[in-house]
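Observations on the model geometry
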Amino acid sequence: MSSFVPTVSDPSDFAHCSEPRLVEFDSLLRCHICKEYQTAPVLTTCGHSYCSVCIRKYLIHTAKCPICSKEIREANLQRNVLLEQVVICFKTLRDDLLEKLTVESKVDDRQRRGSCEVIEIDDNVEVDDELEIVSETKKRRNVGQGGLESLFKRKKTPPKVGPLGTCPICAKQFPIRVLESEHIDLCLNTPLLEQDKDSIVPKESEHSYQKLTKLDFSSLSNTTLKQKLAKLELPTNGNRNQLESRYNEYLILWNANCDSIVPKDPKVLRRQLAQWESSLKFRKDDHDRQLDKKGWSDLIKQARNSKMKTREEQDDAQVESIDIMSTNEEDDSNLITSAQPQNCSIQASTQESTDHERVFAD
Amino acid sequence: MAARNRILKELRGLEKETLDGINIELTDNIYVLFATISVDGNPLYKDQVYKVKFTITEEYPFTPPACMFVKDIDRGIVSIPIHPHIYTNGHICLDLLGTAWTPVHTIRSILLSLHSFLASNTRSERPPDDSSYFKHAPKNPKDTRFVYHDDTV
């Protein structure tokens, strides 16, 4: 399985770091629809938050909140500025955080192992500090409950502090030993969160993008529709259907983008639209091909089998039978017809198979 | 693309945090996946392994995946669990897979409810309309409009 699933970011990334509770925090910042971090989050009237694009697309399907099923309207969606800032902030910190917490947990592991295998002080122990801890544990074990935490604390702030020095980066005071061995590295690698908060969290930018309005296509001629698209610098080729769905998709992308505190350039949106359109085309081709190859032959097989079964049943009753071994097309069409549901207690929509039948009859 | 990304994330989550009694099996098509379910806690299904097939469309997660029990003779999975809401052909009458689906649900939540669906069942029987449904059922369970009338199971 692991070989197949490529690396995508996912809350479970935090599951094995030293603070697994971050899994929950990570998943809270994600959209319930796309499972990505929320982009341009909007708040519904029932208080739930989704990516603007996702909820707008979903509301075309169903005008209900996916979480609580309360009726909601697209017009009532509100920007959720603070959440967007939190998400951007966390996204910026995520990799560093993950790296740091994973490294720390490795160190922790080593310490834990050291304190368990009390007697074995082997040559692999690299740092002096750890040797101290091991021997400390040994002593404390003899005394009674040592308390691991106190040991760890001891490691972080050794009893003999020594002279203090000032960190040239964050200007805080640390024992010189700590400063030289670990703090400066740490301080250099930390994003300048404490020093300059504004550099991570973008301020609300004042953009001039106006939301687009839905069009009443029935009252629009082809030419006016094309003019509208051209005004938005969108392609004007394709049939009426394509023009309409192109406008609708762009409407969603555009309006969702307006909800963001850091809106993308319209060029980016147009590229997304083009991607969407090409994926749509590919999907259609793929669908046709699948029907041709698989669906069709499966359908015939299914029809033959079920005919075979009914025939076996009917043979006993000496009912007139059809030559089921025949493979010519006319018989196949008969077989398929006979495999259709006739009086089903459950309403089954067999649109697909009737379609096939029709094609076949032609 | 959106569907693909979401499926990948879900698979990754399932890979990292496995569910008890459930194993995911991938195919080379990301839109088709299998899971084996074993419910040892229920004497009805003890020592049995069942296989579920998920077929996901590009509209996912706006529409639910098509989900049904299948047999895998080569691997010795020869039966469809006997349950008042599971038909002989593997189709499942579960509102989560139809009207109750929302994008908040995931493959994981379907698997969990299938598992509890089996674990909590005490009736060793097929749905009352099984024989008539079996004969005329569409190939894709999503083409059936089930009526969800029984909330007890």
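Residues numbered from 1 in each chain as written. Chains lettered and ligands numbered in written order. Predicted model: local features only at pLDDT ≥ 70, side-chain atom pairs only at ≥ 80, totals over all residues. Heavy atoms only, no water.

Where we set the bar: UniProt positions are given in the numbering used here, feature names are shortened, and annotations may be inferred rather than shown by experiment.
Looking up chain B in an unreviewed UniProt entry gives the name Ubiquitin-conjugating enzyme E2 W, with the organism given as Cyberlindnera jadinii. Its UniProt record gives chain B a comment under Pathway (unreviewed entry), which states: "Protein modification."

The name given to chain A in an unreviewed UniProt entry is Postreplication repair E3 ubiquitin-protein ligase RAD18, and the organism recorded there is Cyberlindnera jadinii. As recorded by UniProt, the Pathway (unreviewed entry) comment attached to chain A reads in full: "Protein modification; protein ubiquitination." The UniProt entry for chain A carries this comment under Catalytic activity (unreviewed entry): "S-ubiquitinyl-[E2 ubiquitin-conjugating enzyme]-L-cysteine + [acceptor protein]-L-lysine = [E2 ubiquitin-conjugating enzyme]-L-cysteine + N(6)-ubiquitinyl-[acceptor protein]-L-lysine."

Considering the overall build of chain A
Our working definition: Helix numbering and strand numbering both begin at the N terminus, where a helix is a DSSP run of H or I of at least 4 residues and a strand a DSSP run of E of at least 2. Any residue under 20% of the maximum accessible area for its type is buried, any over 50% is exposed, and the rest in between are partly exposed; the area is computed with a 1.4 Å probe on protein chains only. We call two residues contacting when some pair of their heavy atoms lies within 4.5 Å. Residue-level accessible areas treat just the shown protein chains as cover; the underlying method is Shrake-Rupley with a 1.4 Å probe.
Scanning chain A from terminus to terminus reveals 11 helices and 5 strands. Per-residue burial for chain A yields a buried fraction of 32% across its 362 residues. Taking the contacts inside chain A whose residues are at least 6 apart along the sequence as the reference set, 49% of them involve residues at least 24 apart. Of the roughly 23500 Å² that chain A leaves accessible, carbon and sulfur atoms contribute 51%.

Brief notes about the sheet that holds strand β1 (residues 41–43) of chain A
Residues and elements named next belong to chain A. Quick reminder of the rule: For two strands to be treated as a pair, DSSP must find at least two bridges joining them.
Spatial ordering of the open sheet is given by β2-β1-β3, a layout of 3 strands whose pairing is antiparallel. A single partner strand is all that each edge strand has here, and the edge strands are β2 (49–51) and β3 (78–79). The sheet contact formed by β1 and β2 spans 3 bridges and is antiparallel. If you follow Leu43 over to β2, its bridge partner there is Ser49.

A look at the packing of helix α2 (residues 52–61) of chain A against helix α8 (residues 240–258) of chain A
Residue and element names in this part refer to chain A. Rules: Axes, fitted as lines to C-alpha atoms, cover a helix only where it is in contact. Angles between the N-to-C directions of the axes lie from 0 to 180 degrees. Should the near helix be turned counterclockwise from the far one by less than a right angle, the crossing is left-handed, whereas a clockwise turn marks it as right-handed. All residues other than Ala, Val, Leu, Ile, Met, Phe, Trp, Tyr, Cys, Pro, Asp, Glu, Lys and Arg, Gly among them, are scored as polar; the first ten of these are nonpolar and the last four charged.
One can describe the packing of α2 onto α8 by two numbers: an axis separation of 8 Å at closest approach and a directional angle of 140 degrees. Crossing angle aside, the handedness with which α2 passes α8 is right-handed. Contact residues: Ser52, Val53, Arg56, Lys57 and Ile60 in α2; Glu249, Ile252, Asn255 and Ala256 in α8. When the residues that make up the contact of α2 with α8 are grouped by side-chain class, the tally is 4 nonpolar, 2 polar and 3 charged.

Digging into the UniProt feature "domain: RING-type" (unreviewed entry) in chain A
What UniProt calls "domain: RING-type" (unreviewed entry) maps, in this numbering, to residues 31–69 of chain A. Counting secondary structure, residues 31–69 of chain A comes out at 26% helix and 15% strand; the distance between its end C-alpha atoms is 16 Å.

Some thoughts on the packing of aromatic side chains
This is how it is decided: Stacked, edge-to-face and tilted labels apply to pairs of Phe, Tyr and Trp rings (six-membered ring for Trp) whose centres lie within 6.5 Å, assigned for plane angles under 30 degrees, over 60, and everything in between, in that order. In this scheme, Lys NZ or Arg CZ marks a charge over a ring once it lies within 6 Å of the ring centre and within 35 degrees of the ring normal.
Here the structure, examined in full by the defined rule, presents 13 aromatic pairs over all chains. Ring centres of Phe217 of chain A and Tyr247 of chain A lie 6.1 Å apart, and the angle between their planes is 85 degrees; on these two criteria the pair is classed as edge-to-face. Of this pair, Phe217 of chain A sits in the loop between α6 (176–189) and α7 (222–231) while Tyr247 of chain A sits in helix α8, and the two are 30 residues apart along the sequence. Each of the two residues, Phe217 of chain A as well as Tyr247 of chain A, counts as buried. Centroid distance Tyr87 of chain B to Tyr133 of chain B: 4.2 Å. Interplanar angle 40 degrees. Geometry classified as tilted. Taken together, the residues Tyr87 of chain B in the loop between β4 (66–70) and α2 (107–119) and Tyr133 of chain B in helix α3 (residues 130–136) connect sequence positions 46 residues apart. Of the residues examined, Tyr133 of chain B reaches a relative accessible area of 0% and is grouped as buried. Connected via pairs of aromatic rings, a cluster forms that spans Phe14, Phe25, Tyr37 and Phe90 of chain A. The lysine or arginine in question, Arg30 of chain A, covers the ring of Tyr37 of chain A, its NZ or CZ lying 4.2 Å from the ring centre. Sitting over the face of the ring of Phe34 of chain B, Lys51 of chain B holds its NZ or CZ atom 4.6 Å from the ring centroid.

What to know about the sheet that holds strand β1 (residues 22–26) of chain B
Residue and element names in this part refer to chain B. Ordered in space as β1-β2-β3-β4, the 4 strands form an open sheet in which the pairing is antiparallel. Looking along the sheet, the strands with just one partner apiece sit at the ends: β1 and β4. The mean inter-strand angle of the sheet, taken between neighbouring strand axes irrespective of direction, is 25 degrees. Where strand β3 (residues 50–55) meets β4, 5 bridges bridge the pair, whose relative direction is antiparallel. Paired with Thr55 across the bridge in β4 is Ala66. Contacts from α2 reach β1, β2 (32–37), β3 and β4, with the element oriented near 30 degrees to β2.

Quick word on the UniProt feature "domain: SAP" (unreviewed entry) in chain A
In this numbering, the UniProt entry assigns the feature "domain: SAP" (unreviewed entry) to residues 217–251 of chain A. Helix and strand shares over residues 217–251 of chain A are 63% and 0% respectively, and the end C-alpha atoms of the span are 13 Å apart.

Comments concerning the nonpolar core
Let me state the cut-off plainly: What we call a nonpolar core is a set of buried Ala, Val, Leu, Ile, Met, Phe, Trp, Tyr and Cys residues that are connected through their side-chain atoms within 4.5 Å.
Counting residues in hydrophobic clusters, the biggest one holds 36 residues, and the most contacted among them are Phe54, Phe69, Ile92, Leu111 and Leu114 of chain B. Breaking this core down by element, the ones donating at least two residues are α1 (2–16), β1, β2, β3, β4 and α2 of chain B. It is α2 of chain B that contributes the most residues to this core, 6 residues altogether. Leu212, Leu225, Leu243 and Leu251 of chain A belong to the second-largest nonpolar core, a separate cluster that totals 18 residues.

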